[in-house]
Amino acid sequence: MTKMLNVTIETTGVDAAEAKEWVSELANIYADMEVSDVNVSGSKISFKAGFSGMDDTESDDIKMRLDEYLTMHESISAKKIDIR
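Residue numbers restart at each chain and count upward from 1, following the sequence in its written direction. With pLDDT at 70 or above as the cut-off, local features in this predicted model cover only qualifying residues; side-chain atom pairs require 80 or more to be listed or tallied, and sums for whole chains, interfaces and linings still use all residues. Side-chain measures were taken over the full set of non-hydrogen atoms in the model, leaving aside hydrogen atoms and water.

### A closer look at the pairing of strand 2 (residues 33-41)
Okay, step 1: Following DSSP output, two strands are said to pair if at least two bridges run between them. Working definition: helices are DSSP H or I runs of at least four residues, strands are E runs of at least two. Numbering for both runs from the N terminus. The sheet contact formed by strand 2 and strand 3 (residues 44-51) spans seven bridges and is antiparallel. Looking across to strand 3, one finds that S36 is bridged to K48.
Okay, step 2: The antiparallel hairpin formed by strand 2 and strand 3 contains two residues in its connecting segment, where G42 sits at a positive phi of about 60°.

Rendered as structure tokens:
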């Protein structure tokens, strides 16, 4: 079973369609990452993320991938990342 964590990224404001595409691409880049329940509202992007078949995923595991992805794709500027 895949353990999914809630991710919230606060930005300086994003286009909803662009942000949803960005999250979708995140899952495509990291083949073992699962993403669901994407929601974009104003300056917040939220979604659930986990790694396929892993039930011991920690927030630091997700944060490491997000930091790497944010560096590669500068179209989203994160002010704060919260993972629970």
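### Here's the deal with the packing of aromatic side chains
Okay, step 1: Two rings belonging to Phe, Tyr or Trp (six-membered ring only in the last case) form a pair when the distance between their centres is within 6.5 Å. Interplanar angles under 30 degrees mark stacking, angles over 60 mark edge-to-face geometry, and anything in between is tilted. On inspection of all chains with the given rule, the structure shows two aromatic pairs.
Okay, step 2: Each ring, one from W22 and one from Y69, has its centre 4.8 Å from the other, and the planes form 50°; the classification is tilted. Residue W22 is located in helix 1 (residues 16-29), and its partner Y69 is located in helix 2 (residues 59-72); the two are separated by 47 residues in the primary sequence. Taken individually, W22 and Y69 each receive the classification buried, so the pair is uniform in this respect.
Okay, step 3: Where Y30 meets Y69, the ring centres are 6.5 Å apart and the plane angle is 70°; that geometry is what we call edge-to-face. Of this pair, Y30 sits in the loop between helix 1 and strand 2 while Y69 sits in helix 2, and the two are 39 residues apart along the sequence.
Okay, step 4: Each residue is placed in one exposure class: buried if its accessible area under a 1.4 Å probe, protein chains only, is under 20% of its type's maximum, exposed if it is over 50%, and partly exposed if it falls in between. A relative accessible area of 9% means that Y30 is categorised as buried.

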